[in-house]
Amino acid sequence: MRAITTCLLAITALAWAEESNPDYTFGTTVVNNAGFHGRVYHLKENTQRLPNFKSMRPVGSIYTTALNIWPQRFDQGFGEITDRFEWFAIEYTATIWIEKEGAYRFSLLADDGARLKIDDKLVIDNDLVHWARAISGAATLGRGSHTITVEYFQGPRFTVALVLAVAPPEQAWRILNTDEFKPPKDPSEWKPGAIQVTRPQSL
């Protein structure tokens, strides 16, 4: 519990630091293959947990370089994609490059449920309908490419939140931005990195 509280305080401080330049959107329809690709889904009313995305068909796609939606009202819908502001889900995927191997800490704040996987390994499980809460987890990542998956769903209206933060080895917490984890310019160096989940977390 102490680790979760400390993590929540850390990313709350991040929110204050970024207040002058917020990025409170789930993404845009402008294609960005270097960032997160979010597939948007409709859910049945009264859904209580994350769905099985493999059995569903998305209604549209959005793109973003960071998941930085702090607790707020969301009653505008997704514009070009759907007017849903409740009972929807998004599955985000992105490929990042880890240059410095070591223990990476992650924090996932969500309202409602969310889950973080790296290379298909569960790092954080923050599922179910709930108010905004943050859970931290950690993984030892080797140099190379890694696939990040963030599964998210919004239950009943109106408040939403989805924030993914990272603390690289010997560094402070910050919002994870894919622009900071780009691969080397030389394609011959590209290779998958090793992973070991050191502290999977859930409530």
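Residues numbered from 1 in each chain as written. Predicted model: local features only at pLDDT ≥ 70, side-chain atom pairs only at ≥ 80, totals over all residues. Heavy atoms only, no water.

> Teacher, can you tell me more about the overall build of the protein here?
A count of helical and extended segments in the protein gives 1 helix and 13 strands. When the elements of the protein are put in sequence order from the N terminus, they spell out α-β-β-β-β-β-β-β-β-β-β-β-β-β. Within the protein, contacts between residues at least 6 apart in sequence are counted, and of these 77% link residues at least 24 apart. Split by element, the accessible area of the protein, about 10,400 Å² in all, is 51% carbon and sulfur. (Helix = DSSP H or I, 4+ residues; strand = E, 2+ residues; numbered from the N terminus. Contact = heavy atoms within 4.5 Å. Areas by Shrake-Rupley, 256 points an atom, 1.4 Å probe, with all protein chains shown as cover.)

> When you look at the confidence of the model for the protein in this model, what are you seeing that I'm missing?
Reading fine detail from the predicted coordinates is not recommended where pLDDT is low. Looking at the protein as a whole, the pLDDT averages 88, with 86% of positions reaching at least 70. Under a pLDDT of 50 for its full length, residues 1–6 has, in the predicted model, 3 contacts with residues more than four places off or in other chains. Throughout residues 12–23 the model reports pLDDT below 50, and contacts reaching past four residues in sequence, or to other chains, amount to 9 contacts. (pLDDT = per-residue confidence, 0-100.)

> Would you explain the nonpolar core in this entry?
Taken as a class, soluble globular proteins show a tendency for nonpolar side chains to be buried jointly. In terms of nonpolar packing, the biggest core is built from 37 residues, with F26, F106, L116 and L162 touching the most fellow members. Counting residues per element, the ones that place at least two in this core are β1 (36–42), β4 (88–98), β5 (102–111), β6 (114–118), β7 (121–126), β8 (133–141), β9 (144–154) and β10 (159–167). The element that contributes the greatest number of residues to this core is β4, accounting for 6 residues. When residues no more than four places from it in sequence are discounted, the contact partners of F106 are L116, I118, V123, I124, I135, S136, G137, L141, A165, V166, W173 and L176. (Core = buried A, V, L, I, M, F, W, Y, C linked by side-chain atoms within 4.5 Å. Buried < 20%, exposed > 50% of the residue type's maximum accessible area, 1.4 Å probe, protein only.)

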